[in-house]
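Inside the fold
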Amino acid sequence: MTDQHGELDAALERVIDAARAHLAAVRAAQGRIDDDAVWQAYVGLNNASFAYDEQLLDAFGEVTPWDVESIDPDEADERFAAVEGGESADPHPRVISVRQRRDYRVPSVAALLRAAEAARREGTPEGDESAPVEGVGEAVLELLQSGDGSLAALDVPELEPLDGVVMVSEVGTPVDLESFDDDDPVGPFQPAADDRLVGRLDEHPFLDPDEEHDHAH
C-alpha cells in the first residue's frame, strides 16, 4: 500500500530544497540577466512545485495556490545551449536600429544661447567659471547634454519644432562608432545593403487653433 503521507512529505521537502537552491542561485547571480544557474534553479523549483501540487490533488483533492506547468528539463537545457564561439543560441540574432530626425526653427539666437549658457552654468562645479556657448549648434548640444540626452531635452521655448521622422529597421550588425570619424555626419546613419526597413513614422508639430490661424496668415 502506498504511503501517501510519506510521499507528500517527500514532495514538500523537494519544494523546500528547490526554493532554497533557487534563492542561492539568485543571490549568487547578483542581478545578472539570463543567468544559467538561476534558470536551472527556476526549472527545478517549478517542477518540484508542480509535482507536489499534482500529488496533493491526487491524494486529497486539494490544490496549492501555484499555477505552474511542468517544464521539460531538456528544453530547459536548450534554453542556454552554447553555440560555436561560446555564445548563447539565439533564434532572433538580428538587431533593431531606430533612426530619428527632428528639425527646429530658432526664433531668437540670443535667447537660445542664453538658455544654453544657463544650463551649462548649472552643470559647472561651484567656484568654476563656465565657458561661453558659441553658436547655435553648440547651444543645442549643450541642452542635450545637460538634459537626459533625448530629443525631449529640446522641448524648450527657444526652439520651435518642425517636422521629424522615425525609421525602424532590422539590421545585421550593430553600429560600430569607432569606424567613423567624429565629424562624419552620414556614416553612422547610412543603412547597409542588407538592412530591412520595418516602418517609418512621420512626426508633425502640434499647433493649437490660434497658432494654426496665425500660420495661415
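Below, the structure is looked at part by part. (Residues numbered from 1 in each chain as written. Predicted model: local features only at pLDDT ≥ 70, side-chain atom pairs only at ≥ 80, totals over all residues. Heavy atoms only, no water.)

1. Remarks on the packing of aromatic side chains
Tallied over the entire structure, the rule returns 2 aromatic pairs. With 5.6 Å between their ring centres and 20° between their planes, tryptophan 39 and tyrosine 42 make a pair best called stacked. Here tryptophan 39 pairs with tyrosine 42, and both are found in helix H2 (residues 36-60), just 3 residues apart, close to one helical turn. Overall, the relative accessible area of 38% leaves tyrosine 42 in the partly exposed class. Look at tyrosine 52 and tryptophan 66: their rings are 6.1 Å apart centre to centre, the planes differ by 45°, and that puts the pair in the tilted class. Within this pair, whereas tyrosine 52 is found in helix H2, its partner tryptophan 66 is found in the loop between H2 and helix H3 (73-79), the two being separated by 14 residues in sequence. Taking the relative accessible area as the measure of exposure, tryptophan 66 reaches 37% and is therefore partly exposed. (Phe/Tyr/Trp six-rings, centres within 6.5 Å; stacked < 30°, edge-to-face > 60°. Helix = DSSP H or I, 4+ residues; strand = E, 2+ residues; numbered from the N terminus. Buried < 20%, exposed > 50% of the residue type's maximum accessible area, 1.4 Å probe, protein only.)

2. Regarding the side chain of arginine 99
Here arginine 99 is to be found in strand E1 (residues 95-105). Only 3.1 Å separates the side chain of arginine 99 from the backbone oxygen of phenylalanine 189, close enough to count as a polar contact. When neighbours within four sequence positions are excluded, arginine 99 is seen to be in contact with Val165, Val166, Met167, Ser169, Phe189, Gln190, Pro191 and Asp195. (Polar contact = N/O pair within 3.5 Å; in protein donor to acceptor, adjacent residues only side chain to side chain. Contact = heavy atoms within 4.5 Å.)

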